[in-house]
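# Summary of the model geometry
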Amino acid sequence: MFKKFEEKDSISSIQQLKSSVQKGIRAKLLEAYPKLETHIDLILPKKDSYRIAKCHDHIELLLNGTGEQVFFRHRDGPWMPTLRLLHKFPYFVTMQQVDKGAIRFVLSGANVMCPGLTSPGACMTTADKGTVVAIMAEGKEHALAIGLLTLSTDDILKVNKGIGIETYHFLNDGLWKSKPVK
C-alpha cells in the first residue's frame, strides 16, 4: 500500500479536525485497541489538535499535533498504527510471528502466506478474521509490518494455503521513510 508513497506527491490535502471528530476517533481507537488506554494520552493528548492527511488511493493518515503520523486507514477500514508508533508501544496490537524464511518477502511488501505462519519457527496468537496484527519475525525484537488477517487463525491452521495476512505497511516503505507533516 505504501510501497510507492512519497510525501509530496501522495498527500493531496490536510485538514484540521473538529473536537467532536477527535473524540470519535479516540473512542474508535480505544474500542479497537483496549490495551491502548494507558498510553492514549501520550499518543493523542486530549487538548492536542489532530489533523487528517488525505492521500491518493483513499488512504487517510491521522497526524498528531507535531505532525507525526500515528495511525492510518484505507477507505473506511479500521485505523491501523504506524510502525514507528508500534515500536514505541509494542503491546497493544495482536502479534503474529513468521519464520526466518518469510522475513525477506515481508520486508519487500509481500503478503504473509499461511505456511509462513504455521511452520516450526512461526507462532500465532489466536485472532479472528479482519483483525489488525503486527507481523513479527523469528528472533527479532520489533515488528516488520502491519497487516490484516484474511482468515482466522483457526482457519489458517486448517487450510494452510493462500494468503494469511494482507500486508499494509512494512519497514522501509514510503510511510516509514516519510518525515512528520507540517
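All residue numbers refer to position in the chain's written sequence, counted from 1. Under the rules for a predicted model, residues below a pLDDT of 70 receive no local features and side-chain atom pairs below 80 are neither given nor counted, while totals for whole chains, interfaces and linings still include all residues. Here the side-chain values reflect all heavy atoms present in the structure, with hydrogen atoms and water set aside.

Looking at an unreviewed UniProt entry, the chain carries the name Malignant T-cell-amplified sequence 1 homolog, with the source organism given as Drosophila albomicans. UniProt positions are given in the numbering used here, feature names are shortened, and annotations may be inferred rather than shown by experiment. What UniProt states about the chain under its Sequence similarities (unreviewed entry) heading is, verbatim, "Belongs to the MCTS1 family." As recorded by UniProt, the Subcellular location (unreviewed entry) comment attached to the chain reads in full: "Cytoplasm".

### Points about the sheet that holds strand β3 (residues 59–63)
By way of backbone hydrogen bonds, the strands of a sheet pair with one another, either parallel or antiparallel. Strand pairing is assigned whenever DSSP identifies at least 2 bridges connecting the two strands. By definition, any uninterrupted DSSP run of H or I lasting at least four residues is a helix, any uninterrupted run of E lasting at least two residues is a strand, and each is numbered from the N terminus. Taken together, five strands build an open sheet; the order of strands is β1-β2-β3-β4-β5 and the sheet is antiparallel. Because the sheet does not close on itself, it has two edges, and the strands there are β1 (11–16) and β5 (80–81). As judged from the five bridges shared by strand β2 (residues 51–55) and β3, these two strands associate in the antiparallel manner. The residue of β3 that forms the bridge with Lys54 is Glu60.

### Topic: the pattern of salt bridges
In the sections that follow, a salt bridge refers to a side-chain nitrogen of Lys or Arg positioned within 4 Å of a carboxyl oxygen of Asp or Glu. Taken as a whole, this structure holds four salt bridges when the rule is applied. Between Arg26 and Asp41 there is a salt bridge, and its shortest N-O distance comes to 3.0 Å. Here Asp41 lies in helix α3 (residues 40–43) and Arg26 lies in helix α2 (residues 19–32), a separation of 15 residues in the sequence. Throughout this description, buried means an accessible area under 20% of the type-specific maximum (1.4 Å probe, protein chains only), exposed means over 50%, and partly exposed covers the range between. A residue is classified by how much of its surface remains accessible, and Arg26, at 10% relative accessible area, is buried. Residue Asp41 is classed as partly exposed on the basis of its relative accessible area of 47%. For Lys54, the salt bridge identified is with Glu60, shortest N-O distance 3.6 Å.

### Section: the packing of aromatic side chains
Planes of paired rings set the category: under 30 degrees apart is stacked, over 60 is edge-to-face and the rest tilted, where pairs are Phe, Tyr or Trp rings (Trp by its six-membered ring) whose centres lie within 6.5 Å. Scanning the model with the defined rule gives four aromatic pairs in all. With 5.4 Å between their ring centres and 85° between their planes, Tyr33 and Phe92 make a pair best called edge-to-face. A residue pair is termed long-range when its members are at least 10 positions apart, and Tyr33 in the loop between α2 and α3 and Phe92 in the loop between α4 (83–88) and β6 (94–98) qualify at 59 residues. Overall, Tyr33 belongs to the buried group, its relative accessible area being 5%. Residue Phe92 is classed as buried on the basis of its relative accessible area of 7%. Put simply, the rings of Phe2, Phe5 and Phe72 pair up and form one aromatic cluster. For the cation-ring pair, Arg84 lies above Trp176, with the distance from its terminal atom to the ring centre recorded as 4.3 Å. Both a distance and an angle decide whether a charge sits over a ring: NZ of Lys or CZ of Arg must be within 6 Å of the ring centre and within 35 degrees of the ring normal.

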